[in-house]
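Overview (structure and organization)
As a plain string of letters, each chain reads:
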Amino acid sequence: MQCRNRVLRRHAGHVDTIVWHDQPPRPLRSPILVAAFEGLFDVGGAATGAIEALRLHDPVSLGSIDPDPFFDFSERRPESRITESGRRVIDWPENRVDCLLLPNQDRDLVLMQGVEPHLMWRTFANAIVNVVDHLDVAMVITLGAMIAEVPHTRPPTITGSTADAELAEVLRLGQPTYEGPTGVIGVVLERLESAGVPAVSLRAGVPHYVSGSPNPKASRALLERFERVTGLPTRWSSLDDEAQAWEQRVNSAMVGDADITGYVGRLEQRFDARTAESLPNADDLAAEFQRFLRQHGDD
């Protein structure tokens, strides 16, 4: 399936930076690529944690992006380890590509998880477009997490946006409004838009006072919204216990600190006073999404 207006430019002297080591066990069905990168827009590891949760469901490893052109290894050093057989192995910063076959669904998933590179961001974005082309991906959904003034005791806020006006209307999403310093996801989204590949960004708001620790509650919220939008199963409820345990740990850490307890109380009041976003029925939303992809699948 070729998405509308897709233009792939291969520059003279281009060297493929994707290392493919396997093929999907069967042809992928109009796959959606979901991606997250450790870095600026992965506060609390919420976005990469969501991909990690998806990867618990037996994905097939397909390949990875060669780290050599993209990392300053004096800034992010590879790690050396010794195997049980006594052999030395070097673990390099990894951006891996897997596929997740979804039985009884019209579509499969391609999972891309890794680390925001230091160098050559435009080349890195081109590599992701090459993954899209190689696996005939129908759409890309990026996951992110940002610091926000929200309480840890309430459901994480999820913001969605897309530059595709028609898709924004179908999915009840906003269009991008952020201007300022960006992460590699911003560069990737711009490249996908230029190539005519439909792309959506989903971002979780993470409480700024607990931004330094892993946040499974935000990962769970990202997967729940992803499932609501696409209609594809993510088993987000498998993170229920981790999310509850995380909230309990934060509550315990606050005991006896009147300042932080009062601050969280004020955040709760502001959160509850806001007009709750009226989400459309999940089944209706997913049906509109699938209709959009089928409509443009033959263009």
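Note that the structure is a prediction, hence the values are computed from the model and not measured. (Residues numbered from 1 in each chain as written. Predicted model: local features only at pLDDT ≥ 70, side-chain atom pairs only at ≥ 80, totals over all residues. Heavy atoms only, no water.)

What follows is about the environment of arginine 266. Here arginine 266 shows up in helix α7 (residues 258–273). Along the sequence, arginine 266 and valine 150 sit 116 residues apart, while their C-alpha atoms lie 9.9 Å from each other. (Helix = DSSP H or I, 4+ residues; strand = E, 2+ residues; numbered from the N terminus.)

What follows is about the nonpolar core. One finds Leu143 and Leu222 to be the most contacted residues of the largest nonpolar core, which totals 38 residues. Those elements that place two or more of their residues in this core are β2 (32–38), α1 (46–54), β7 (109–115), β8 (139–148), α3 (165–171), β10 (199–207), α5 (216–230) and α8 (282–296). Residues Phe37, Leu135, Leu192 and Ala199 belong to the second largest nonpolar core, which totals 33 residues. (Core = buried A, V, L, I, M, F, W, Y, C linked by side-chain atoms within 4.5 Å. Buried < 20%, exposed > 50% of the residue type's maximum accessible area, 1.4 Å probe, protein only.)

This part covers the sheet that holds strand β3 (residues 60–65). With respect to topology, eight strands assemble into an open sheet ordered β1-β3-β6-β7-β2-β8-β10-β9, the strand pairing being mixed. Each of the sheet's edge strands pairs with one partner strand only, and the pair in question is β1 (18–20) and β9 (158–161). Within the sheet, the average angular offset between the axes of one strand and its neighbour, ignoring direction, is 25 degrees. The pairing of β3 with strand β6 (residues 96–100) spans four bridges and is antiparallel. Within β6, the residue paired with serine 64 across the bridge is arginine 96. Here α1 sits on the sheet in contact with β2, β6, β7 and β8, set at roughly 130 degrees to β2. The strands touched by helix α4 (residues 184–194) within the sheet are β2, β8 and β10, with β8 carrying the most contacts at an inclination of about 150 degrees. (Pairing = 2+ DSSP bridges. Axes fitted to C-alpha atoms, helices over the stretch in contact; angles between N-to-C directions. Contact = heavy atoms within 4.5 Å.)

Let's shift gears to unusual backbone geometry. The backbone of serine 30 sits at a positive phi, close to 35 degrees, despite the residue not being glycine. Here serine 30 is to be found in the loop between β1 and β2. A relative accessible area of 22% places serine 30 in the partly exposed class. The residue asparagine 104 is not glycine, and still its phi comes out positive at about 65 degrees.

With 90% of its residues at a pLDDT of 70 or more, the protein chain shows a mean pLDDT of 88. Here residues 1–15 is a poorly scored stretch, pLDDT under 50, and it has 38 contacts once near neighbours within four places are set aside; other chains count. (pLDDT = per-residue confidence, 0-100.)

Contact geometry of helix α2 (residues 121–134) with α4 gives a least axis separation of 9 Å together with a crossing angle of 55 degrees. When the axis of α2 is compared with that of α4, the two are oblique. Here α2 runs over α4; the crossing is right-handed. Of the residues in α4, those touching α2 at Trp121, Arg122, Phe124, Ala125, Asn126, Ile128, Val129 and Val132 are Val184, Val187, Val188, Arg191 and Leu192. A breakdown of the residues in the contact of α2 with α4 according to their chemical character gives ten nonpolar, one polar and two charged. (Parallel < 35°, antiparallel > 145°, perpendicular 65-115°, else oblique. Left-handed = near helix turned anticlockwise from the far one by under 90°. Nonpolar A, V, L, I, M, F, W, Y, C, P; charged D, E, K, R; others polar.)

This model, assessed by the stated rule, comprises five cavities of 30 Å³ or more. In this model, the largest cavity occupies a volume close to 60 Å³. Lining the largest cavity are Val150, Pro151, His152, Arg154, Pro156, Gly205, Val206, Pro207, Asn215, Lys217, Ala218 and Trp246. Mapped by element, the contributors of at least two residues to the lining of the largest cavity are β10 and α5. Take the lining of the largest cavity: its biggest share by element is three residues, from β10. In the lining of the largest cavity, the residues fall into seven nonpolar, three polar and two charged. (1 Å grid on protein atoms, 1.4 Å probe; cavity = no way out; pocket = protein on both sides within 12 Å on 5 of 7 lines; lining within 4 Å. Points joined across faces, edges and corners; volume = space filled by probe spheres on them.)

As a further point, take the side chain of histidine 57. You can see histidine 57 is positioned in the loop between α1 and β3. Within the local environment of histidine 57, its side chain forms a polar contact with the side chain of arginine 235, the two groups lying 2.8 Å apart. In this structure, histidine 57 is in contact with Leu100, Thr234 and Arg235, ignoring residues within four places of it in sequence. (Polar contact = N/O pair within 3.5 Å; in protein donor to acceptor, adjacent residues only side chain to side chain.)

Enumeration according to the criterion identifies 13 salt bridges in this entry. Its salt-bridge partner being arginine 55, residue glutamate 52 comes within 3.5 Å of it at the nearest N-O pair. Of the charged contacts in the structure, one is a salt bridge between glutamate 224 and arginine 220, with a shortest N-O distance of 3.8 Å. In this pair, glutamate 224 and arginine 220 both sit in helix α5, four residues apart, roughly one turn of the helix. Under the relative-accessibility criterion, glutamate 224 is labelled partly exposed at 27%. Through salt bridges with shared partners, a single network forms among Glu52, Arg55, Arg96 and Asp98. (Salt bridge = Lys/Arg side-chain N within 4 Å of Asp/Glu carboxyl O.)

Moving on: the packing of aromatic side chains. Tallied over the full model, the rule gives five aromatic pairs. With a centroid separation of 5.4 Å and 85 degrees between ring planes, the pair formed by phenylalanine 70 and phenylalanine 124 is classed as edge-to-face. Of this pair, phenylalanine 70 sits in the loop between β3 and β4 (79–82) while phenylalanine 124 sits in helix α2, and the two are 54 residues apart along the sequence. Between phenylalanine 73 and tryptophan 92 the ring centres are 5.0 Å apart and the planes differ by 65 degrees, which places this aromatic pair in the edge-to-face class. Remark: tryptophan 92 occurs in the loop between β5 (88–91) and β6 and phenylalanine 73 occurs in the loop between β3 and β4; sequence separation between them is 19 residues. (Phe/Tyr/Trp six-rings, centres within 6.5 Å; stacked < 30°, edge-to-face > 60°.)

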